[in-house]
2 protein chains.
Amino acid sequence: MTQPASLIYKPLGIDTLQEHVAFMHRDCHICKSEGIEAQTRVELRHHNKSVIAIVNVIHSDLLDCGQIGLSLNTEQDLGAKQGDPIEVMQAAPLDSLSQLRTKIYGHKLDRHGFETIVSDIAKGRYANIHIAAFLTAMASRRANVQEVIDLTAAMVAIGERLSWGVSPVADKHCVGGLPGNRTTPIVVAIVASAGLTMPKTSSRAITSPAGTADVMEVMTPVTLSLDAMRAVVDKEGGCFVWGGSLALSPADDLMIKVARPLELDSDAQLVASVLSKKIAAGSTHTVIDIPIGPTAKVRSKEQADQLEHLLNQVAFANGLNLKVVRTDGLQPVGRGIGPALEANDVIAVLRNHPQAPTDLRERALRLAAEVLELCGKCPAGDGYRLANSIVVSGQAWEKFLRICHAQGGFTEPLRAPIVHLVTASVAGTINAIDNRRLARLAKLLGAPEAKTAGVQLQVALGDTVSRGDPLFSMHAEAQGELTYALTYLDSHPPLLIESQ
Amino acid sequence: MTQPASLIYKPLGIDTLQEHVAFMHRDCHICKSEGIEAQTRVELRHHNKSVIAIVNVIHSDLLDCGQIGLSLNTEQDLGAKQGDPIEVMQAAPLDSLSQLRTKIYGHKLDRHGFETIVSDIAKGRYANIHIAAFLTAMASRRANVQEVIDLTAAMVAIGERLSWGVSPVADKHCVGGLPGNRTTPIVVAIVASAGLTMPKTSSRAITSPAGTADVMEVMTPVTLSLDAMRAVVDKEGGCFVWGGSLALSPADDLMIKVARPLELDSDAQLVASVLSKKIAAGSTHTVIDIPIGPTAKVRSKEQADQLEHLLNQVAFANGLNLKVVRTDGLQPVGRGIGPALEANDVIAVLRNHPQAPTDLRERALRLAAEVLELCGKCPAGDGYRLANSIVVSGQAWEKFLRICHAQGGFTEPLRAPIVHLVTASVAGTINAIDNRRLARLAKLLGAPEAKTAGVQLQVALGDTVSRGDPLFSMHAEAQGELTYALTYLDSHPPLLIESQ
């Protein structure tokens, strides 16, 4: 290795998402002496931190020869500030790339092999093309069950792993794809009311208009330290915490960000991703909700069969008790799509409001029942009755409020200042709802950053409407966002497919 | 699709190599209305050209909200100039991605499947992660022979295909990895002297200190239009033309640029890459040189066996007559590494100079012999004698000069203004030569951009040297480049491994 040389950091403010990119001038002495060109991989060091980045070469005066630019994620991972010296050198070949090539060439990897790969991914040493190659090499039948077991274990081993000193520790997870499917806060309130431990960590939205953490944040603080989270769980048995700051499966977040533009949803990656996070969060008993529907993530019974089989085997081998529940994924759940609108639905169910959305209530009760039974809180078949009684009695609502107060207080969701009602242009029956495009509309309206933004559905599948009847309302915090959303609406086929 | 909206192009001068990148401000109205974030794929249109790019989001004042930046390759592919309006819209899903996923999930593709993928790659519609996934999905035994045949045919179909109106049309190719292995100009001169047609197109250096086109450019113009090339071949039977402007296999160049940082050399990709270019160039009879050695591309006999088998099958199915020749890949060929230095070696062989490097001469004669025999110019076993007589009689040198004159003239190679001799620090025997690091040194000295720069070897494997004996000389056009190269030399283990 050549000795490292330093360049001075100049912020350029370029967001490349997870790809680490370093910007260097083509006449920079390090580029010349090290033979660095566009797409060369360099190691960057700052204090005791290090990442590997790919180089974009600057041919203009954005940078001087002695300066270096960093993508925002690189700036953050290195903790670099304007004017800091950044050490730059050619990246040494990664040992794990030989493991990656082993897998690419169709051979099997053992746990050690996965550990070296996952460790380098977690440390930011893989470029997107390496992660893409890894995901591809693991897709479909290329990874056998033992490999998914080992990958899952490797992903657990590389991050933090929480321990709660009790058993069972309950958890639940939904294999995404259904707007408004906000059962988690209700399930946690029920399960914790029943005396079980359910230290729930949730994600923010990645591509959807709201993640559970976004919805809960409307009502209570969700960015808790691990110590604060422990205090809430010790006191109330449950919590609603954003998992992002806990580093439970750091490699997973990076893999997800590459899998998405590849439109690659391999069972191997999905199972390793979900189960590694549950195990790392300390769960011993987990219920997995798989919504099935043509615009949901899982589209057929056959797909669900395969996924359930792999989930069960990988969970068993990693010591996790698992129950898969299949649910209807034909249409959105509840009425609201967006943080505050979904929070209203959750509260309506917990408060036993007569107009609370039945679909959300029934899904939450069914999932809570499965958790209660899986954890041995009641005999098989008694879970629904127990869950229902906890909601009807008001215990669930009380527990929900107590958890919120333990996390820092409860706030009623606000209503958006701008509401625009969309009505039926013709009479007819609602025959189909495009979940993906409804989600898109809610995002254009500003969700999840604009907490009160989103879509409020007024109809469901099978409803008949007359001309002028309300279909849904669009909620926005700024007129501009409503305008964007209306433009989108006008230039696309209807979101709700009516037949006359 | 939403209607396209326009942003004004502002050049930023950022070289991302082959990845198409668009830089847009986070507050840009299109980002907001289309939900565009970092790594979103957008379609860009300018006049009648279109590419798909990934977005980097600007959080600074590099751009205004109404402006867009483009990576240099995107600027070039769109023909965009400062101030031009660029239409931007969310990229529609590519049909070929479903074919790509089919392959990723382990199923077989037919020719149509490969055609859709290769077409989208050639049109710049794939991001690097898609190309990486495709290369991975095709690696090793994942692609069967029929698939490599179909991929090769698809790569031919997507580019230009030359036709020469005669048969045989000879070609040769070396499966890289050996510095100074500049047999091509000699082989073309011999084969054309023998009355065969050999319209040779060559590449410039990609990672090496010189490609054949770089070497020939020292002596004659190599950037010829197709018409000019035809005129040369009609007159002299052969040519030495840079193939880069002929668009013979446009998808291939893009795939190579992703394969390299992945360090992925799959036989499937190599065979499809090499043979598609030969077939597209109109060759009917091709000799492939596979140097075998520990620091060459092919490192073992077993690797060569597999590669030869696949080359033969894919060539046969695509109607190409092929002969594979295995050569020694232990050390560089000739004395010079770098355009002008290699040109000197070529000229010395053709002029029958008594100090011409024997290894280069013998390799060139052997390959020319194989071409002559494969094309039926002489009985099997007579090729070497015929090739040798053509060189010894001066016919090859005369033909070489005639081709150069037809291409625009012949110039003697120049000598670098700065020459630094490296001598043995101890007495000993040369036991190993690191081809890769010698190539690196020649690049640091400025090759191939600096035509006279590079390394001139004074010793070969097995030579014994005394302390102070010359090992090699370093040639540079600028003192700074010599300094970089000396720094590299001082900070690394010796390039030539001596034992005492």
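Structure: see above.
We now turn to the structure provided with this report. (Residues numbered from 1 in each chain as written. Chains lettered and ligands numbered in written order. Predicted model: local features only at pLDDT ≥ 70, side-chain atom pairs only at ≥ 80, totals over all residues. Heavy atoms only, no water.)

### Details of the relation of the copies chain B and chain A
Next up, step 1: Once chain B is rotated about the relating axis by 179° and shifted along it by 0.1 Å, it coincides with chain A to within an RMSD of 0.1 Å. The operation mapping one copy onto its partner corresponds to a two-fold rotation axis.
Next up, step 2: The residues that chain B uses at the interface reappear at the interface of chain A in 100% of cases, marking a shared surface. (Least-squares fit on C-alpha atoms with pLDDT ≥ 70 in both. Contact = heavy atoms within 4.5 Å.)

### Some points on unusual backbone geometry
Next up, step 1: Of note, the bond from Ser167(A) into Pro168(A) is cis; its omega dihedral lies within 30 degrees of zero at 0°.
Next up, step 2: Even without being glycine, Leu17(B) reaches a positive phi, approximately 60°.
Next up, step 3: Mapped onto the fold, Leu17(B) is located in the loop between strand S2 (14–15) and strand S3 (21–25).
Next up, step 4: Residue classification places Leu17(B) among the partly exposed residues on the basis of a relative accessible area of 27%.
Next up, step 5: The phi angle at Gln39(B) is positive, at roughly 75°, despite the residue not being glycine.
Next up, step 6: Tracing the backbone through its elements, the reader meets Gln39(B) in the loop between helix H1 (29–34) and strand S4 (41–46).
Next up, step 7: On the accessibility criterion, Gln39(B) (12% relative accessible area) is buried. (Helix = DSSP H or I, 4+ residues; strand = E, 2+ residues; numbered from the N terminus. Buried < 20%, exposed > 50% of the residue type's maximum accessible area, 1.4 Å probe, protein only.)

### Observations regarding the nonpolar core
Next up, step 1: Counting 128 residues, the largest nonpolar core has Leu275(A) and Leu275(B) as its most contacted members.
Next up, step 2: Excluding residues within four positions of it along the chain, Leu275(B) makes contact with Thr152(B), Ile288(B), Leu311(B), Val314(B), Ala315(B), Leu320(B) and Leu322(B). (Core = buried A, V, L, I, M, F, W, Y, C linked by side-chain atoms within 4.5 Å.)

### Comments concerning the interface of chain B and chain A
Next up, step 1: Contacts between the two partners involve 58 residues from chain B and, on the opposite side, 59 residues from chain A.
Next up, step 2: Counting the surface chain B buries against chain A, the share from its top three residues, Tyr105(B), Ile129(B) and Arg142(B), is 13%.
Next up, step 3: For the pair chain B and chain A, the number of links is zero salt bridges.
Next up, step 4: On the surface where chain B and chain A come into contact, there are eight residue pairs in polar contact (both at pLDDT 80 or more).
Next up, step 5: Here the side of chain B that touches chain A gets seven residues from one element, more than from any other, and that element is helix H5 (residues 128–138) of chain B.
Next up, step 6: Its residues assigned to classes, the side of chain B that touches chain A comprises 24 nonpolar, 21 polar and 13 charged.
Next up, step 7: As paired strands, strand S5 (residues 49–58) of chain A and S2(B) are joined by two bridges and run antiparallel to one another. Bridge pairing links Val57(A) to Asp15(B) in S2(B). (Buried area = accessible area lost by both parts, 1.4 Å probe. Salt bridge = Lys/Arg side-chain N within 4 Å of Asp/Glu carboxyl O. Polar contact = N/O pair within 3.5 Å; in protein donor to acceptor, adjacent residues only side chain to side chain. Nonpolar A, V, L, I, M, F, W, Y, C, P; charged D, E, K, R; others polar. Pairing = 2+ DSSP bridges.)

### Focus on the pairing of strand S4 (residues 41–46) of chain A
Next up, step 1: The buried fraction of S4(A) is high, at five of six residues.
Next up, step 2: Following S4(A), the chain reverses through two residues before pairing antiparallel with S5(A); His47(A) in that reversal takes a positive phi of roughly 50°.

### Some details on the sheet that holds strand S11 (residues 285–292) of chain A
Residues and elements named next belong to chain A.
Next up, step 1: A sheet is described by the order of its strands in space; here three strands give the open sequence S8-S11-S12, paired in parallel fashion. The sheet is open, and its two edges are formed by strand S8 (170–174) and strand S12 (321–328), each paired on a single side. Across this sheet, the average inter-strand angle for adjacent strands is 20°, counted without regard to direction.
Next up, step 2: Sheet analysis places S8 next to S11, joined by five bridges and oriented parallel. Looking across to S11, one finds that aspartate 171 is bridged to threonine 286.
Next up, step 3: Along the sheet, helix H14 (residues 358–374) makes contact with S8, S11 and S12, crossing S12 at roughly 160°. (Axes fitted to C-alpha atoms, helices over the stretch in contact; angles between N-to-C directions.)

### Comments concerning helix H6 (residues 145–158) of chain A
All names here are of chain A.
Next up, step 1: Over its 14 residues, H6 runs 20 Å from end to end, which matches the ideal 20 Å to within 8%, given 1.5 Å per residue.
Next up, step 2: For H6, the buried fraction is high: ten of the 14 residues fall into the buried class.
Next up, step 3: Within the sequence span of H6, burial applies to Glu147, Val148, Ile149, Asp150, Leu151, Thr152, Ala153, Ala154, Met155 and Val156.
Next up, step 4: Buried-residue contacts for H6 involve helix H3 (96–104), helix H4 (111–122), helix H5 (128–138), helix H10 (250–259), helix H11 (267–280) and helix H12 (301–317).
Next up, step 5: N-cap assignment for H6: the residue whose side-chain oxygen lies 3.1 Å from the backbone N of glutamine 146 is asparagine 144. (Expected span 1.5 Å × (residues − 1).)

### Digging into the side chain of Gln407(B)
Residues and elements named next belong to chain B.
Next up, step 1: Structurally, the position occupied by glutamine 407 is in helix H16 (residues 395–407).
Next up, step 2: At 2.7 Å, the side chain of glutamine 407 forms a polar contact with the backbone nitrogen of phenylalanine 240.
Next up, step 3: Beyond its immediate chain neighbours, meaning those up to four positions away, glutamine 407 contacts Thr220, Pro221, Val222, Leu224, Val232, Cys239, Phe240 and Val241.

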